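The residues making up each chain are set out below.
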Amino acid sequence: YEALLKDIAWKHDEAIVFGKHIVTKRKVAWYADKSYQYSYSNIHRTALLWTPHVLALKAIVEAQTLQTYNSCLLNFYPSGTEGMAWHSDDEIDLIKNGAIASLSFGAERKFAFKHKQTKEKVDVFLEHGSLLVMKDTTQTYWLHRLPPTKKIFTPRINLTFRTIVE
């Protein structure tokens, strides 16, 4: 956690929502095998090359999930007041039905899923060191979010290992 906090090239996340440019309190960084281009929320990003710490975590996650990943989007949430709205990671840059491995450090946070058709909801709690894997048709049929809360005052770092289509 401390190494990631110190070594990662964190930048405030940006998005274009309903034509308006927004800068969030949440910070992000993106690392990969090479300088891939990736777009979400109408913002284009270029990956940085792996840091030794992220590369070491990638090896652990690949061993645990029996998957391979060529990139990682990192998120830094300074407190519980920062979250992520309902979405699916279904950008055309990502391999279809590929695995996304989400590794969490710091504050425990609720992570919510909602089925796109039935509206069924499932909540899980991601504690320090937890690994959540979304794969196969998860992104096709489910939305997910990190709901904001006023009860959490400590930061959280989340690494989402994914595969970019080359």
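Fair warning: this is a prediction, and the values are worked out from it, not measured in the lab.

**Q** Could you give an account of the environment of E166, naming the residues involved and the relevant values?
**A** Here E166 lies in the segment after β13 (156–162). With a relative accessible area of 68%, E166 lands in the exposed category. Linking E166 and K11, residues 155 residues apart in sequence, is a C-alpha distance of 25 Å. Not counting residues within four places of it along the chain, the set of residues in contact with E166 comprises K34, Y36 and N70.

**Q** Lay out the environment of N75 in plain terms, naming residues and giving numbers.
**A** Mapped onto the elements of the fold, N75 is located in strand β6 (residues 71–77). Taking the relative accessible area as the measure of exposure, N75 reaches 4% and is therefore buried. Leaving out residues up to four positions away in the same chain, N75 has contacts with W10, R26, K27, V28, R156, I157 and N158. At 2.2 Å, the side chain of N75 forms a polar contact with the side chain of R26.

**Q** Explain helix α2 (residues 52–65) to me, and be specific about the residues and the numbers.
**A** Taking 1.5 Å of rise per residue, the 14 residues of α2 would be expected to cover 20 Å, and the 20 Å separating its terminal C-alpha atoms lies within 8% of that figure. Residues of α2 that are buried include every one of V54, L57, K58, V61, E62 and T65, and no others. Seen end-on, α2 carries its buried residues on one side only, within an arc spanning 140°. Facing away from the buried side of α2 by more than 90 degrees, the exposed set consists of P52, I60 and A63. Tucked into the core, α2 has its buried residues touching α1 (2–7), β6, β8 (100–106), β11 (131–134) and β13. Downstream of α2 by a residue or two, L66 has a phi angle that is positive, lying close to 55°.

About the criteria used
- Note on numbering: residues in each chain are counted from 1, in written sequence order.
- Only residues with pLDDT of at least 70 get local features here, since the model is predicted, and only at 80 or more are side-chain atom pairs given and counted; chain-wide, interface and lining totals rely on the full set of residues.
- Water and hydrogen atoms play no part in the side-chain values, which are based on all heavy atoms of the structure.
- Here a helix means four or more residues in a row that DSSP labels H or I, a strand means two or more in a row labelled E, and each is numbered from the N terminus.
- We call a residue buried when its accessible area falls under 20% of the maximum for its residue type, exposed when it is over 50%, and partly exposed in between, using a 1.4 Å probe and counting protein chains only.
- Any pair of residues with heavy atoms lying within 4.5 Å of one another is described as a contacting pair.
- In protein, a polar contact means a hydrogen-donor-capable atom and an acceptor-capable atom, both N or O and within 3.5 Å, with residues adjacent in sequence counting only if both atoms are side-chain atoms; elsewhere, any N or O pair within 3.5 Å suffices.
- The length a helix should cover is 1.5 Å for every residue beyond the first.
- In this description, one arc is meant: the one made by directions from the helix axis to the C-beta atoms.

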